[in-house]
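Listed below are the residues making up each chain.
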Amino acid sequence: MRKTLLMFLSFFALASVAVFFSPKAANAFPGFARKYNFPCSFCHIQWPRLADTGHFFKDRGFMLSTTGKANSLDMMFQDPKNQNYFPIGFHMSMAYYGSAVNGVENTGGNKNNGGWADGPGSNTIWDIESGGLINPWISFWVQPGGGGSPGPALGIVKLWVRFDDLLNSTWLNIYVGKTSLDPPVSNQRAMAIGTGTPFTMYDFQPGTPEVMNNGGTSTFSFLGGGLYYDGDSMEFLNDQTSIRYFGYHINSGAACATQSAWSWDPCETRVNINFIPQQSLYGQTGFNAQPGYNGGPATTVSGVGAPSGYQNNGFAYMAHVTQSFGGWGRTNGERIGVFALMGEGSALPGSGSGANSPGAAFYSREGVDLMINPIPNGGLNIDGAWEIVNDPTGMINASSFLPAGSTTTSGLEYMTWWLSVNWQPTFGGFFSQSGTNSNLFELIYNQLNMMQQPTFSGVAALPGNYDNVLAFTLLDRYWLWGSDRADISLFAQYQYMINYGVSGALNGLATASGDFHASNFGNGYFGNVEANNFSVGIDFAY
């Protein structure tokens with residue numbers, strides 16, 4: 001007991017030496033544990049990260065299936081009194097955070113070059129969660145929430161209804177509403193908690209320095225900004241309004257139950273396709289709203305007026321196909337996948353493309369993802385993904401930092417990848433009766449390389465490394481308490497990021513002479529910026 005207490009106090013003392021960024025929503029719902037009288041550790045190895053059992057439960061429409069598929073006999077309907085249970089829960093996260101940013105050379109008096117800039121004290125977000133079964137073939141989820149920087153703002157995180165096992169086939173399940181795009185790993189289940197995401201792939205906006213989007217650095221008030229804006233704001237970190245098709249097939253029930261590593265026995269095939277209304281492209285609102293477009297901040301964009309929005313008339317879809325072996329791939333066995341986010345839409349009016357018909361701007365991102373579990377049952381998990389992105393001329397506008405009247409003459413291409421490794425050692429907990437008390441360490445590596453920069457009329461070519469990213473995140477999360485009623489976790493994390501070639505854009509010096517020419521490139525206007533971010537906080541769900 002004394003050793004456990006010392007470990008707990010050492011962890012919290014270490015976490016308290018620095019501060020970092022504000023939290024994001026994380027899905028952990030004790031309402032299901034109360035409903036079935038199971039501890040939260042039944043579905044999570046470290047909430048909100050799912051175990052294989054939790055992944056099975058979620059993909060079956062929140063059903064503890066007796067046959068391995070939805071529209072089956074669930075425990076809820078075996079006991080009549082359970083049908084009257086209304087699941088509802090509450091979640092909040094609070095963090096102290098701060099950042100040190102070097103290389104900006106800001107002359108405007110803002111505190112963002114060296115030293116620590118604190119966030120606004122503590123930053124707390126919250127959401128209310130409810131979900132479950134309406135009957136054996138209809139499930140639902142609703143999640144309103146708010147909080148975070150710059151202040152509380154009530155919004156809908158998720159809201160959907162799912163029709164399960166239509167035509168008595170596991171290949172036919174339909175979601176309607178604001179749902180997940182089924183990315184390689186859910187941003188809302190990531191262990192790292194921040195205003196952006198621990199995965200650069202998920203929140204990167206070409207042209208806008210990543211230090212303005214990610215982590216504690218987003219709390220800074222930089223003098224400059226992005227040199228151009230990309231209309232493709234379909235990011236993985238948020239759910240989208242869509243009609244979502246989801247199908248699955250269990251290849252071998254025995255293989256799924258092996259709970260082992262390095263098994264190549266096929267377990268499950270999953271197919272997910274989101275059909276997305278295109279107002280989500282240029283008219284994005286919320287966390288990834290684009291400046292100058294519907295819902296975005298009132299930043300002037302060359303060729304686009306005030307943020308009243310720009311109508312689009314194209315389409316978009318996200319597809320993700322996975323195959324697991326020897327388990328569902330979350331904590332047992334392996335899983336491989338391929339994904340693609342594609343669409344076409346109207347060209348932006350300042351892009352130089354000029355057309356307003358669908359097909360004027362076709363954009364795409366394709367990638368692969370992998371999950372392996374060398375030590376099964378959550379002992380050691382390795383996840384990764386790689387993608388390549390192509391955005392055409394019509395998706396890109398010069399910002400007000402470039403000369404007036406600049407139009408886009410070519411599109412862009414970049415590739416990005418990430419790898420996360422988490423290890424969960426086993427030791428006695430502070431509260432032995434809770435049944436959790438697990439500690440999880442995770443290391444996340446991110447890299448993004450621009451392969452082709454966009455070009456603009458009257459403007460010299462941008463440096464090839466403008467807005468490249470290299471980042472590492474190290475975190476520790478301790479599951480202090482877990483039961484069928486509530487969960488409490490403590491977390492601490494550190495992130496180091498290099499954002500290449502963006503110093504002049506952030507401090508406004510790249511356009512200090514009133515123009516933007518190749519002669520400026522040697523004047524330190526495209527130097528690298530480093531960010532060091534820390535956080536410490538508490539996560540609570542009931």
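Per-chain numbering applies: the sequence of each chain, read as written, is numbered from 1 onward. Confidence filtering applies because this is a predicted model: local features only for residues at pLDDT of at least 70, side-chain atom pairs given and counted only at 80 or more, and all residues used for totals across whole chains, interfaces and linings. The basis for every side-chain value is the complete set of heavy atoms in the structure, and neither hydrogens nor water enter the calculation.

Undergrad: For the overall build of the protein chain, give the residues involved together with the corresponding values.
TA: Counting from the N terminus, the helices are the DSSP runs of H or I reaching at least four residues and the strands are the DSSP runs of E reaching at least two. Looking only at helices and strands, one finds eight helices and 22 strands in the protein chain. Classification of residues uses two cut-offs on accessible area relative to the type maximum, computed with a 1.4 Å probe and protein chains only: under 20% is buried, over 50% is exposed, and between them is partly exposed. Every one of the 542 residues in the protein chain was classed for burial, and the buried ones make up 59%. Of the contacts formed within the protein chain by residues at least 6 apart in sequence, a portion of 71% connects residues at least 24 apart. Only the protein chains shown count as cover for residues, with accessible areas throughout obtained via the Shrake-Rupley method and a probe of 1.4 Å. On the protein chain, roughly 19,600 Å² of surface is accessible, and the fraction owed to carbon and sulfur atoms is 63%. Residues are treated as being in contact if the distance between any of their heavy atoms lies within 4.5 Å.

Undergrad: How would you sum up the pattern of salt bridges? Please name residues and give values.
TA: A side-chain nitrogen of Lys or Arg and a carboxyl oxygen of Asp or Glu constitute a salt bridge if their distance falls within 4 Å. Considering all chains together, one arrives at 11 salt bridges under this definition. When the shortest N-O distance is used, the salt bridge between Asp383 and Arg49 registers 3.2 Å. Of this pair, Asp383 sits in strand β14 (residues 380–391) while Arg49 is found in strand β2 (residues 49–50), placing the two residues 334 residues apart along the sequence. Here the two residues Asp383 and Arg49 agree in accessibility, since each one is buried. Of the charged contacts, one joins Arg270 and Asp59 as a salt bridge, the two residues approaching to 2.6 Å between their closest N and O atoms. Remark: Asp59 occurs in helix α3 (residues 52–59) and Arg270 occurs in strand β10 (residues 266–276); sequence separation between them is 211 residues. There is no split in this pair, since Arg270 and Asp59 are both buried. The network of salt bridges with common partners includes Lys58, Asp59, Asp182, Arg244 and Arg270.

Undergrad: Describe the pairing of strand β17 (residues 412–423), naming the residues involved and giving the relevant values.
TA: Here β17 shows a clear split, with Leu412, Tyr414, Thr416, Trp418, Ser420 and Asn422 buried on one side and none of Glu413, Met415, Trp417, Leu419, Val421 and Trp423 buried on the other. We call two strands paired when DSSP finds no fewer than two bridges between them. Here β14 runs beside β17; their pairing, made up of 12 bridges, is antiparallel. Along β17, the bridge assignment pairs Leu380 with Trp423. In this structure, β17 lies alongside strand β18 (residues 439–452), joined through 11 bridges in antiparallel fashion. Counterpart to Tyr414 in the pairing with β18 is Met450.

Undergrad: Summarise the nonpolar core; cite the residues concerned and give the values.
TA: Nonpolar core, defined: a set of buried Ala, Val, Leu, Ile, Met, Phe, Trp, Tyr and Cys residues in which side-chain atoms within 4.5 Å join the residues together. Core analysis: the largest hydrophobic core is formed by 53 residues, its most contacted members being Tyr202, Tyr228, Phe236, Phe456 and Tyr466. Of all hydrophobic cores here, the second largest spans 14 residues; its members include Cys43, Trp141, Trp160 and Tyr248.

Undergrad: So, the packing of aromatic side chains: which residues are in play, and what are the values?
TA: Under the pairing criterion, centres of Phe, Tyr and Trp rings, with the six-membered ring standing for Trp, must be within 6.5 Å; the plane angle then separates stacked pairs below 30 degrees from edge-to-face pairs above 60, leaving the rest tilted. Inspection of the entire model under this criterion finds 18 aromatic pairs. Judged by centre distance (5.1 Å) and plane angle (70 degrees), the rings of Phe204 and Tyr414 are edge-to-face. Of this pair, Phe204 sits in the loop between α5 (200–203) and β8 (228–230) while Tyr414 sits in strand β17, and the two are 210 residues apart along the sequence. Pair check on accessibility: Phe204 and Tyr414 agree, each one buried. Ring-pair connections join several aromatic residues into one group, and the members of that group are Phe57, Phe62, Trp141, Trp160 and Tyr175. A cation over a ring is seen here: Arg244 above Tyr175, with NZ or CZ 4.3 Å from the ring centre. Here the guanidinium or amino end of Arg365 rests over the ring plane of Phe236, the centre of that ring lying 4.6 Å away. Two conditions define a charge located above a ring, namely a distance within 6 Å from the ring centre to NZ of Lys or CZ of Arg, and an angle within 35 degrees of the ring normal.

Undergrad: I'd love a proper account of the environment of Tyr494, names of residues and values included.
TA: Relative to the elements of secondary structure, Tyr494 occurs in strand β21 (residues 487–499). Taking the C-alpha atoms as reference points, Tyr494 and Ala192, separated by 302 residues in sequence, lie 9.4 Å from one another. If near-sequence neighbours (up to four positions away) are discounted, Tyr494 is found in contact with Phe472, Thr473, Leu474, Asn532, Asn533 and Phe534. Polar contacts, as used here, are pairs of N or O atoms within 3.5 Å; protein pairs need one atom able to donate a hydrogen and one able to accept it. Residues neighboring in sequence count only if both atoms are side-chain atoms. A polar contact of 2.6 Å, which involves the side chain of Tyr494, links it to the side chain of Asn532.

Undergrad: If you had to explain α3 to someone new, which residues and values would you point to?
TA: Of all eight residues that make up α3, six are buried, and the element is covered over most of its length. Looking at α3, one finds that the buried residues are Asp52, Gly54, His55, Phe56, Phe57 and Asp59. Looking at the buried side of α3, the elements it contacts are α2 (30–36), β2, β6 (155–163), β9 (240–250), β10 and β12 (334–345). Once α3 ends, the next one or two residues include Gly61, with phi positive near 70 degrees.

Undergrad: Would you mind going over the side chain of Thr408 in detail, with residue names and values included?
TA: Positionally, Thr408 belongs in strand β16 (residues 408–410). Of note is the side chain of Thr408, whose polar atom sits 2.6 Å from the backbone oxygen of Ile396.

Undergrad: An account of the pairing of β9 is requested, with residue identities and associated values reported.
TA: With seven bridges connecting them, strand β7 (residues 173–179) and β9 associate as antiparallel partners. In the strand pairing of β9, Tyr175 is matched with Arg244. Pairing of β9 with β10, which is carried by eight bridges, proceeds in the antiparallel orientation. Across the sheet, the residue bridging to Ile243 is Phe275, located in β10.

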